Structure formats: C-alpha cells, structure tokens
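Structure assessment
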Amino acid sequence: MSPDEALRRLHISGRRYTVSTEGQYPFAAVLSCSDSRVVPELIFDCAPGELFVVRTAGNTADAIAIGSLEFAVTVLGVPLILVLGHTHCGAVEAKASGSPYGSFMAAVMAEVRPCADENILHTIFKLEKSPVLSGLVGEGKLIIAGAKFTLETGCVTFVS
C-alpha cells in the first residue's frame, strides 16, 4: 500500500462516533504499547471517551507519557492508570535478543526490559516516581495497575 493509499483509507473507512463536545470523562487511563494489534478501546470494549490512552513503543514511560498521565488524573479526575503490555512485543523482543536498532529506538531500548511482565512492572515503578501520581496513590485517589494482553488468546492477565 502506498502512503497516499493509506491516507485515503483513513478518510473513507472506519466507524464514525458522535462524542460529547462538553468535555471528556474517561474512567481509566491506559499506558499501552504502540503495537497496532494492541488497541485498549477494543480490548476492554470501551467507547470513545471512556479511556484516556497513551501509547508508546514497549509501553515505556518517558516525560511526555508521564505528563500526559498526570494531566489525566489531575485535570480529568481519572482514578486508575493501567500499564498494558503484551506478548510478542517487538520492542521487548528486540531488547531480549540484542538486535541492532536506530538512534531514536535506542531511547526506547534504554527503558524496555527483556520480558513483558518485567517491562510492565518497570514502567509502573517509573510512574510511581512521579510526585503527582505517587501523592494521589498515597491519598487513595489513584491506583496504578499492570496487565498483559496475550495476542494468541485475546485474554488480559493482571500483573502484580
């Protein structure tokens, strides 16, 4: 498929939703991998506006991702952050195998851990270093949890 064909496809396909123009009120924020097979709204059967989704390669938590999640919890009042990893993650597998990667991917590799569960827990640890997020966790106003999506089965397993 050419780049022009891909752009044309976005213009003509997909479901159209009517969403409120009066604001957004998601009940959870999900920090997910940017893998095109891992779509939190579909995995959790949610409509537009129900989840505040941040997607990065390997569900890594850099300053922009953490800032986005801080926005979700402080401005939108989201009470739950879920770090969603998955099986067969390209970033995790690249880290585990030591595959060569480009200069921008090196920043992702510095954060990714070589197994999905370990990677999820490492990301949660990084989120808990945020004074904003940890403060809300301490006040009982926020939970930060982890889960793994298994591509083969479509099942979600919570990680602790």
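Above this text sits the structure in question.
The text that follows walks through the structure, step by step, so that each part is easy to find. Note that this is a predicted model, so its numbers are computed, not measured.

**Here we look at the overall build of the protein chain**
Scanning the protein chain for helices and strands turns up seven helices and five strands. Helices and strands in the protein chain line up, N terminus first, as α-β-α-β-α-β-α-α-α-α-β-β. The C-alpha atoms of the protein chain give a radius of gyration of 17 Å, which matches the 15 Å a tight globule of 160 residues would have. When its C-alpha atoms are laid out on the principal axes, the protein chain stretches across 50 × 40 × 30 Å. Sequence separation of at least 24 residues holds for 64% of the intrachain contacts in the protein chain that already meet a minimum separation of 6. Here the protein chain has roughly 9,300 Å² of accessible surface; of this, 59% comes from carbon and sulfur atoms.

**A word on the packing of aromatic side chains**
Overall, the coordinates contain one aromatic pair when judged by the stated rule. Ring geometry for Phe52 versus Phe71: centroids 6.1 Å apart, planes at 40 degrees, classification tilted. Placement of Phe52 in strand S2 (residues 51–56) and of Phe71 in helix H3 (residues 63–74) is noted, with a sequence separation of 19 residues between them. Residue class for Phe52 comes out buried when judged on its relative accessible area of 14%.

**Comments concerning the pattern of salt bridges**
Summed over all chains, the structure comprises four salt bridges. Residue Arg37 pairs with Asp35 through a salt bridge whose shortest N-O separation is 2.7 Å. Looking at Arg37, the relative accessible area reads 46%, which means it is partly exposed. Between Lys148 and Asp117 there is a salt bridge whose closest N-O contact spans 3.3 Å. Of the two residues, Lys148 sits in strand S4 (residues 143–150) while Asp117 sits in helix H6 (residues 116–128), which places them 31 residues apart along the sequence.

Thresholds, definitions, all that
- Residues numbered from 1 in each chain as written.
- Predicted model: local features only at pLDDT ≥ 70, side-chain atom pairs only at ≥ 80, totals over all residues.
- Heavy atoms only, no water.
- Helix = DSSP H or I, 4+ residues; strand = E, 2+ residues; numbered from the N terminus.
- Rg over C-alpha atoms; globule rule 2.2 N^0.38 Å.
- Contact = heavy atoms within 4.5 Å.
- Areas by Shrake-Rupley, 256 points an atom, 1.4 Å probe, with all protein chains shown as cover.
- Phe/Tyr/Trp six-rings, centres within 6.5 Å; stacked < 30°, edge-to-face > 60°.
- Buried < 20%, exposed > 50% of the residue type's maximum accessible area, 1.4 Å probe, protein only.
- Salt bridge = Lys/Arg side-chain N within 4 Å of Asp/Glu carboxyl O.

By themselves, these are just geometric observations and shouldn't be taken as functional.
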